[in-house]
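# Observations on the three-dimensional arrangement
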Amino acid sequence: MPAYKRILLKLSGEALMGDDAYGINRATIVRMVEEIAEVTRLGVQVAIVIGGGNIFRGVAGGAVGMERATADYMGMLATVMNSLALADALSKAGAIARVMSAISIEQVVEPYVRPKALQYLEEGKVVVFAAGTGNPFFTTDTAAALRGAEIGAEIVLKATKVDGVYSADPNKVADATRYTSISFDEAMAKNLQVMDATAFALCRDQKLPVKVFSIVKPGALLQVVLGGDEGTLVHV
């Protein structure tokens, strides 16, 4: 029995790279969407925010010295590309997906309209929110917190390459321990860098819990949705 009725899944663009230097690794995206489709078959309403780092990394050298706002708009367009790839792969996995963009490119994807997004979720469609918040200077973490609050998600699931929040970087500190649960205030006091500060403050203010888990680990998403002991829960 699922622990949540409606979730907001935050994927990093880098998660789509697999072991590649940049871009989208086909095998990686196929595995991911199969797990997402499995969750939707349980009756869970799924919305997704995806980053653009896997694409933007390929052009980051050319962005050196560029105005921050311009670079951020490029990053937003990268998330649109990822969202289209994700929606296409989801449809091939048997889930119906709709991409909604925070910036207007109506020939490619429909604009983000909150009532329409809620309607799609109620109909069992996966809604992929593209182009971040539509504003420069805000990360896709903040977009995930914002959209999660707007659609009334019960939790934000932040998928990373690490299986939770640790007391220190587990790649550098051998005896770093994973928290199963931690409060927003404690995570901020310990400077644990779960999400960027704006996103973190928004989740805390809206009493929207965040679960950090590994997207690399097969079956982890399903375990999280079923309420299993997976990852780290950050709560009020």
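The structure we're discussing is the one just above.
Residues numbered from 1 in each chain as written. Predicted model: local features only at pLDDT ≥ 70, side-chain atom pairs only at ≥ 80, totals over all residues. Heavy atoms only, no water.

This next bit is on the packing of helix H1 (residues 26-41) against helix H3 (residues 68-92). The angle between the axes and the distance between the axes are what describe a pair of packed helices. Running from N to C, H1 and H3 point in directions that differ by 60 degrees, and their axes come no closer than 9 Å. Between H1 and H3, the crossing angle belongs to the class labelled oblique. Considering only the axes of H1 and H3, their crossing is right-handed. For the pair formed by H1 and H3, the contact residues are Arg-26, Ile-29, Val-33 and Ile-36 on the first element and Ala-85, Leu-86, Ala-89, Leu-90 and Lys-92 on the second. (Axes fitted to C-alpha atoms, helices over the stretch in contact; angles between N-to-C directions. Helix = DSSP H or I, 4+ residues; strand = E, 2+ residues; numbered from the N terminus. Parallel < 35°, antiparallel > 145°, perpendicular 65-115°, else oblique. Left-handed = near helix turned anticlockwise from the far one by under 90°. Contact = heavy atoms within 4.5 Å.)

There is about 810 Å³ of room inside the largest pocket. Together, 35 residues line the largest pocket, and Lys-10, Ser-12, Glu-14, Asp-141 and Lys-158 are the ones closest to its centre. At the level of elements, helix H2 (53-59), H3, helix H5 (140-150), strand E6 (155-160) and strand E7 (165-166) are the ones that each hand at least two residues to the lining of the largest pocket. Among the elements that line the lining of the largest pocket, the one with the most residues is H3, at 6 residues. Here the residues of the lining of the largest pocket are counted per class, giving 13 nonpolar, 14 polar and 8 charged. (1 Å grid on protein atoms, 1.4 Å probe; cavity = no way out; pocket = protein on both sides within 12 Å on 5 of 7 lines; lining within 4 Å. Points joined across faces, edges and corners; volume = space filled by probe spheres on them. Nonpolar A, V, L, I, M, F, W, Y, C, P; charged D, E, K, R; others polar.)

Unusually for a residue other than glycine, Asn-191 sits at a positive phi of about 55 degrees. Under the relative-accessibility criterion, Asn-191 is labelled exposed at 53%. (Buried < 20%, exposed > 50% of the residue type's maximum accessible area, 1.4 Å probe, protein only.)

Strand order in this open sheet of 9 strands is E4-E3-E5-E2-E1-E6-E10-E11-E9, and the pairing throughout is mixed. With partners counted over all chains shown, the strands left at the sheet margins are strand E4 (110-111) and strand E9 (181-183), one partner each. One ladder, built from 5 bridges, connects strand E1 (residues 6-11) with E6; its direction is parallel. Residue pairing for E6: Leu-8 is matched across the bridge by Val-156. Against the sheet, H5 makes contact with E1, strand E2 (45-50), strand E5 (126-130) and E6, and its axis sits at roughly 175 degrees relative to E1, the strand it touches most. (Pairing = 2+ DSSP bridges.)

If you walk through the whole model with that rule in mind, you get 12 salt bridges. A salt bridge links Lys-217 to Glu-230, with the nearest nitrogen and oxygen atoms 3.0 Å apart. With Lys-217 in the loop between strand E10 (210-214) and helix H8 (220-225) and Glu-230 in the loop between H8 and strand E11 (232-235), the pair connects residues that are 13 residues apart, well separated along the chain. What you see here is one network of salt bridges that share partners, running through Lys-10, Asp-141 and Lys-158. (Salt bridge = Lys/Arg side-chain N within 4 Å of Asp/Glu carboxyl O.)

Let us look at the side chain of Thr-142. Structurally, Thr-142 is set in helix H5. One polar contact links Thr-142 to Asp-196, side chain to side chain, over a distance of 3.3 Å. (Polar contact = N/O pair within 3.5 Å; in protein donor to acceptor, adjacent residues only side chain to side chain.)

The full count for this structure, using the stated rule, is 2 aromatic pairs. Look at Tyr-112 and Phe-129: their rings are 5.4 Å apart centre to centre, the planes differ by 90 degrees, and that puts the pair in the edge-to-face class. Residue Tyr-112 is found in the loop between E4 and helix H4 (114-122), and its partner Phe-129 is found in strand E5; the two are separated by 17 residues along the sequence. Each member of the pair, Tyr-112 as well as Phe-129, carries the same accessibility label: buried. Judged by centre distance (5.0 Å) and plane angle (70 degrees), the ring pair of Phe-184 and Phe-200 falls under edge-to-face. Of this pair, Phe-184 sits in helix H6 (residues 184-189) while Phe-200 sits in helix H7 (residues 197-205), and the two are 16 residues apart along the sequence. This pair shows no difference in class: Phe-184 is buried, exactly as Phe-200 is. Looking at Arg-98, its charged tip hangs above the ring of Tyr-120, at a distance of 5.7 Å from the centre. (Phe/Tyr/Trp six-rings, centres within 6.5 Å; stacked < 30°, edge-to-face > 60°. Lys NZ or Arg CZ within 6 Å of the ring centre and 35° of its normal.)

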